[in-house]
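Per-entry structural report
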Amino acid sequence: MQGKGVIKFFAILLAVVCLYQLSFTWVAHKVEKDAKEYSKGNPEKEKAYLDSISTQPVYPLFNHTYQYCVDRELALGLDLKGGMNVTMQISLRELVEALSNKNPDVVFNQALTNAQKRSVTEQKDYITLFVDEYEKLAPNGKLAAIFANSNNQEKLKFNSSNNDVETYLKDQANTAVQQSYTVLHTRIDQFGVTQPNIQLQKSTNRILIELPGVKEPERVRKLLSGTAKLEFYQTYDNTEVYQLLVNINSLLAAKNKTAAPKDTTKAAATAAKTPTSAKDSANSLLAKLKNTTSKDSAGLNNKTQLAAQNPLFSVMSLVTYQDASGQQQLNPGPIVGYSAVKDTAKVNSYLRSADVKSVLPQNLKFLWGVKPIEKTKVFELYAIKLAGAENGPVLSGDVINDARNDVDQLKGGYEVTMYMNSQGAQKWKTVTAEASAGAQKRAIAIVLDDNVYSAPNVQNEISGGVSSISGGNFTLEDTKDLANVLKAGRLPAPARIIGEEVVGPSLGQEAISAGLLSCILGLVVILIFMIAYYNRAGTVAVVAVLVNVFFLMGVLISLRAVLTLPGIAGIILILGVAVDANVLVYERVREELGLGKSLRIAIADGFKHALPSILDANISTFLTGVILFLFGSGPIQGFATTLMIGIVTTLFCSLLISRLIFEFMLEKGWDIKFSRPWSSHTFKNANYAFVKNRFKFYAFSGIFIIAGLVSMVTRGFNYGVDFGGGHTYVIKFTNPVTTGQVHEAVDVSLGRGTEVKTYGTDKISINTNYLINDNSPTADDKVQAALLKALATTPATKISANQILSHQKVEATIANEVKASAKWTIIIAIIVISAYILIRFRKWQFSLGAMIATAHDSLLVLSFFSLFKDVLPFSLDIDQAFIAALLTVIGYSINDTVVVFDRIREFLELHHAKTDDPEEVINHAINNTLSRTIITALTVIMILVILFVFGGDVIRGFSFALLIGVIFGTYSSICVATPVIIDFGKKDLR
């Protein structure tokens, strides 16, 4: 074997990298275990412990912080951890209305309504539908007359064509979507969840949000659905606010003492005096506070006592710097304090208390920065000056015409250029003139949703409405975000929740346990079978599979991939693929040994001759994973990621690691056996008449598919919520109930279209389209209230809200798009794989056989799910997980088919004389690979049976679809794909 040194080097390097990546999960779990032991079941103490240690080094040797480890540990999806998954869509109708200044034109508004209706069933974007509808209603109408104005004259003229207006609207729509993404990203940070995931789908104007571990779904809905509020505020300087903070600290300290009421009154009176020359006395006051704090600290060992004497300053640091003489000085600017994220709530409670608010100036409020200081968990506190009679901002965001990120040509670095309308420009001139007057330049705070994004100092009066905002540490991403924030106040395009899924922690933990159990059992079954069937060579396969799982998990973590239940199913499937590669090699080695070759040569030739089949089979499966990743979303993408990474690691381990182990065993002179007495002749000299009986197979498949098509038309499918739209609730009842009892309770209130299905042994799934078209913020609450009320009509079905383990909502719009996407995903998968077969085998008959076999497998599985949808004791839902299973079946079937095709091609090249009958040659090739086909199918089927039995309710339908598909795929590889080659290529096969 050539290049052993290089392979060993890469194997060791990959092992070290994977071990390093996995270590973050181990370290993070160790810290969390310590937190649980420390808190003794108190969640608040546990959270406080983790917050306190978040910036402390916990990783041996490298001294990584706990937060660093958490950010790099294995991320679990919602179905494993619990939490909330939200799909939001930007309301482009409201955007178009705003851009038209709410034009009252009847035709214009009718076009908006028509486009909204069409968007539910059609895949075109909303702007295209709107323009199409407008031109239908007013063939000679000019959209420029509606949208062109002085604020957008650079992009749109009064004589612009409808195509120009359409381009402008689409550009504004893309901008609005990007702005909403930035705003939502900021809001998500407020939940404090670990590893939130937010994805922007520009093609559908949707934003997908995953919040693992979040337990306040109502707060999530409220915060994510609010319209962005952009405002500009004047600011106080640190030197002006410093004395107030000292007095507030004294007031709070006085309240903590058991002194007489007169002491508190005195402290309050002191706090009420706002100094007129705080800057002059800053040094002495700061020194006094520093000395007091030092004195106190020297005599205090108790943190609680220290906090009682300096309540505010125990959770907030002052903003100071050390001058040339070593003295502490107040840092100029609007930032007046620093606090760790764990202390911000305490600071807020102090500053918002009635006693403190009573002594603060009416035109002062405190706001936090939008994100922590880089590489820390420390937030900045800003002193905001309120203006006018209403104590509000000096400007609101609706005066912004445009904002874009630029490069500072003079100083270098990045900046943001902001453009205001005429009204805003005039006001901005006055505000900036006031801020830049005098020696001390003031800052203007840019505030979005009560978070300070930036507070740049104003150097000069700015006229004309064009301003540049720069910062010494601005990155390109910072300027992009700030530009989007500045534009967010101008384009009122609210994001509306069109789909959501809430998974309770109990269901998540149950899913984790079931998934891990199925993984472990599946792995054990495979390893036992390989050793039992292939003797000592089977132990090599065991080592290769274990190394493969290790590499797979390490790479998944390094790529920040999220592990979901379908991802666990992908890992189990990868185990089957890994076994298949070893089986292919071992069967070829056994053939070479049967020809009388030595063990060393047989092993070398076995790897050599199995290589084309292994590569073809795995590449075709990899292509399926690529299609799944491109066209799927959420858990399906997680499954696809696992599948693709697993195929790469499988090839590395099965072809290279296994070979290294065999070379080592040969060098040591070990006796390597590839079978046991009972398994050495399995399927040897098999001669089943597959080709001769092909018309019987055609008849069976044809009858089954026709019956399935009839069932699809007449009976349809059981669509999951992501295909049919509606609300799905998984409920755990206290007492055993039947689906009939639940139906009787809910049908009257929720409608007879409500589906009730068993979900495991003690849970019921209820799917209803009740109020599905109600888009009000309270719609979800109404549906849940109606469900609880309906179930309360009988004692047996009565439940409380906390017995609802999960809730998923999908609107009809997204359901229709998922259906269309699923259909095209399957079609594209079949086309792409068939094209690969054509390129690889150079004969269209092979490509046709693969195409027919994959379509055949898809139709058989669909037929099965329609024919038996209400017969089996568990649900056969058609949902996104089913599509993932169907595409996996296609990949497996092609994997199986390609191996048979490779042997057929090999035999046809060896037996191409006129006396050789192609039918006999092909039949012999099928029988020759029968051992590999059956063994691989058996190992995968064993894995899937374990997944079906032990994998839990969440993926039972998914695993069953895979199980049925693998059986059909194995059947089609032998009985359908290869006979097609004969019937369409009798003259071309010689």
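Structure: see above.
Now for a quick tour of the structure. (Residues numbered from 1 in each chain as written. Predicted model: local features only at pLDDT ≥ 70, side-chain atom pairs only at ≥ 80, totals over all residues. Heavy atoms only, no water.)

What follows deals with the overall build of the protein chain. Check the secondary structure of the protein chain and you find 32 helices and 24 strands. Within the protein chain, the fraction of its 990 residues that count as buried is 53%. Relative to all contacts within the protein chain whose residues are 6 or more apart in sequence, the contacts with residues 24 or more apart total 74%. Split by element, the accessible area of the protein chain, about 44,700 Å² in all, is 57% carbon and sulfur. (Helix = DSSP H or I, 4+ residues; strand = E, 2+ residues; numbered from the N terminus. Buried < 20%, exposed > 50% of the residue type's maximum accessible area, 1.4 Å probe, protein only. Contact = heavy atoms within 4.5 Å. Areas by Shrake-Rupley, 256 points an atom, 1.4 Å probe, with all protein chains shown as cover.)

With that out of the way, let us pick up the packing of helix H29 (residues 880-910) against helix H31 (residues 930-950). Two elements in contact, H29 and H31, have axes whose closest approach is 11 Å; the angle formed by their N-to-C orientations is 160°. As summarised for this structure, H29 and H31 are arranged roughly antiparallel, according to the angle between their axes. Viewed along their axes, H29 and H31 form a crossing whose handedness is right-handed. Taking contact as the criterion, the partners of Tyr892, Asn895, Asp896, Val899 and Val900 in H29 are, on H31, Arg932, Thr933, Thr936, Ala937 and Val940. (Axes fitted to C-alpha atoms, helices over the stretch in contact; angles between N-to-C directions. Parallel < 35°, antiparallel > 145°, perpendicular 65-115°, else oblique. Left-handed = near helix turned anticlockwise from the far one by under 90°.)

Turning our eyes to something else, we now look at the pairing of strand E14 (residues 444-448). Counting buried positions along E14 yields five of five residues, so the element is predominantly enclosed. Here E14 shows a buried face lined by Ile444, Ile446 and Leu448 and a second buried face lined by Ala445 and Val447. Across five bridges, the pairing between strand E5 (residues 230-235) and E14 is antiparallel. Bridge pairing links Gln234 to Ile444 in E14. Of the strand pairs in this sheet, E14 and strand E15 (residues 451-454) are connected by three bridges, and their pairing is antiparallel. Residue pairing in the sheet places Ile446 in a bridge with Ser454 of E15. Hairpin remark: E14 followed by E15, antiparallel, with two residues in the connecting loop; positive phi at Asp449, about 50°. (Pairing = 2+ DSSP bridges.)

We now examine the packing of aromatic side chains. One pass over the full model with this rule turns up 35 aromatic pairs. Between Phe529 and Tyr533, the ring centres sit 5.6 Å apart and the planes meet at 15°, which makes this aromatic pair stacked. Residue Phe529 and its partner Tyr533 are both found in helix H19 (residues 505-558); the two are separated by four residues, about one turn of the helix. Of the two residues, Phe529 and Tyr533, neither departs from the other in class, the shared state being buried. Taken together, the ring pairs connect Phe529, Tyr533, Tyr534, Tyr586, Phe607, Phe662, Phe674 and Trp678 into an aromatic cluster. Lying across the ring of Tyr68, Arg72 places its NZ or CZ 3.5 Å from the centre. Cation over ring: Lys385 sits above Tyr236, and NZ or CZ is 5.0 Å from the ring centre. (Phe/Tyr/Trp six-rings, centres within 6.5 Å; stacked < 30°, edge-to-face > 60°. Lys NZ or Arg CZ within 6 Å of the ring centre and 35° of its normal.)

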